Amino acid sequence: MSGHTENEIIIAAPLDLVWDMTNDIGNWPQLFSEYASVDVLEREGDKTTFRLTMHPDENGKVWSWVSERVADRSALKVRARRVETGPFEYMNIEWVYSETPDGVRMHWTQDFAMKPEAPVDDAWMTDNINRNSVVQMQLIRDKVEQRATQARPTASVTTD
């Protein structure tokens with residue numbers, strides 16, 4: 001068996017801002033609530049290899065892994081995979097961005113399988129990712145939209 005999730009959100013902000021903020025891996029601890037730190041290990045062209053470390057879970061366990069991410073700005077697509085898979089047999093992620101009349105659609109697809117000895121199964125992880133993706137996407141949307149609002153020029157009022 002394997003797991004598959006798809007989640008998306010519309011962000012009312014310019015495409016360049018959405019792309020730049022969501023692909024600034026070094027700033028992910030400020031963008032996502034689940035990440036305590038990120039260490040960029042290597043950059044080679046559009047490929048970045050990095051270590052993500054989460055905040056401790058409810059049992060005090062700190063999860064950390066290495067991922068590889070390739071961003072294709074011209075195609076508005078990012079592909080990532082876990083290099084250190086931990087409890088996963090594999091984890092592949094794709095982010096696709098598209099412009100809509102209401103803003104930028106950010107669509108996340110995750111395909112994975114849990115190892116037989118993992119503490120949870122594919123169904124549990126699918127539910128967990130679906131629940132958490134909604135939370136993280138809303139946080140990201142709010143932060144990007146806030147930045148977009150701050151960046152908008154305000155009309156100046158003059159008095160004679």
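Keep in mind that this is a model prediction, so the values were computed, not measured. (Residues numbered from 1 in each chain as written. Predicted model: local features only at pLDDT ≥ 70, side-chain atom pairs only at ≥ 80, totals over all residues. Heavy atoms only, no water.)

## Observations regarding the overall build of the chain
Along the backbone of the chain there are 3 helices and 7 strands. Beginning at the N terminus, the succession of helices and strands in the chain can be written as β-α-α-β-β-β-β-β-β-α. Taking the principal axes of the C-alpha coordinates as reference, the chain spans close to 75 × 35 × 30 Å. Split into buried and exposed, the 160 residues of the chain put 39% on the buried side. Nonlocal contacts in the chain, meaning residues at least 24 apart in sequence, comprise 50% of its contacts between residues at least 6 apart. The distance from the centre of the 17 positive side-chain charges to the centre of the 27 negative ones in the chain is 2 Å. (Helix = DSSP H or I, 4+ residues; strand = E, 2+ residues; numbered from the N terminus. Buried < 20%, exposed > 50% of the residue type's maximum accessible area, 1.4 Å probe, protein only. Contact = heavy atoms within 4.5 Å. Lys, Arg positive; Asp, Glu negative; His and termini not counted. Charge placed at Lys NZ, Arg CZ, Asp CG, Glu CD.)

## Looking at unusual backbone geometry
Excluding glycine, residues mostly have negative phi values, and the peptide bonds linking residues are mostly trans. You will see that Leu 76, though not glycine, has its phi angle at about 55°, which is positive. Inspection of the secondary structure assignment puts Leu 76 in the loop between β4 (64-72) and β5 (77-82). Taking the relative accessible area as the measure of exposure, Leu 76 reaches 16% and is therefore buried.

## A closer look at the sheet that holds strand β1 (residues 3-11)
Pairing between the strands of a sheet is mediated by backbone hydrogen bonds and can be parallel or antiparallel. Judged by pairing direction, the sheet is antiparallel, and its 7 strands sit side by side in the order β1-β7-β6-β5-β4-β3-β2 without closing on themselves. Looking at the sheet topology across the chains shown, the edges are occupied by β1 and β2 (35-44). Across the sheet, the mean angle from the axis of one strand to that of its neighbour is 20°, orientation sign disregarded. Pairing of strand β3 (residues 47-54) with β4 involves 7 bridges; the strand directions are antiparallel. Looking at β4, one finds that Thr 53 is bridged to Ser 64. Docked against the sheet, helix α1 (residues 15-22) engages β1, β4, β5, β6 (88-100) and β7 (103-114), running at close to 160° with respect to β6. (Pairing = 2+ DSSP bridges. Axes fitted to C-alpha atoms, helices over the stretch in contact; angles between N-to-C directions.)

## A short note on the pattern of salt bridges
Using the criterion set out here, one finds 7 salt bridges in the structure. Note that Glu 68 is salt-bridged to Lys 47, the shortest N-O span being 3.8 Å. Residue Glu 68 is found in strand β4, and its partner Lys 47 is found in strand β3; the two are separated by 21 residues along the sequence. Residue classification places Glu 68 among the buried residues on the basis of a relative accessible area of 18%. Note that Arg 141 is salt-bridged to Asp 142, the shortest N-O span being 3.1 Å. (Salt bridge = Lys/Arg side-chain N within 4 Å of Asp/Glu carboxyl O.)

## Quick word on the nonpolar core
The biggest cluster of nonpolar side chains holds 27 residues, and the ones touching the most others in it are Ile 11, Trp 28, Phe 32, Trp 95, Tyr 97, Met 106 and Ile 140. Those elements that place two or more of their residues in this core are β1, α1, α2 (28-31), β2, β3, β6, β7 and α3 (122-151). Those residues within four positions of Trp 28 in sequence are excluded, and the remaining contacts are Thr 22, Tyr 35, Phe 50, Leu 52, Arg 69 and Trp 95. Counting residues in hydrophobic clusters, the runner-up holds 7 residues, among them Met 91, Phe 112, Ala 118 and Ile 129. (Core = buried A, V, L, I, M, F, W, Y, C linked by side-chain atoms within 4.5 Å.)

## Quick notes on the pairing of β2
Two strands pair when backbone bridges link them, and β2 and β3 are joined in this way by 8 bridges, in the antiparallel orientation. For Val 38, the partnering residue across the bridge sits in β3 and is Leu 52. Linking β2 back to β3 in an antiparallel pair, the connection comprises 2 residues, with Gly 45 at a positive phi of about 65°.

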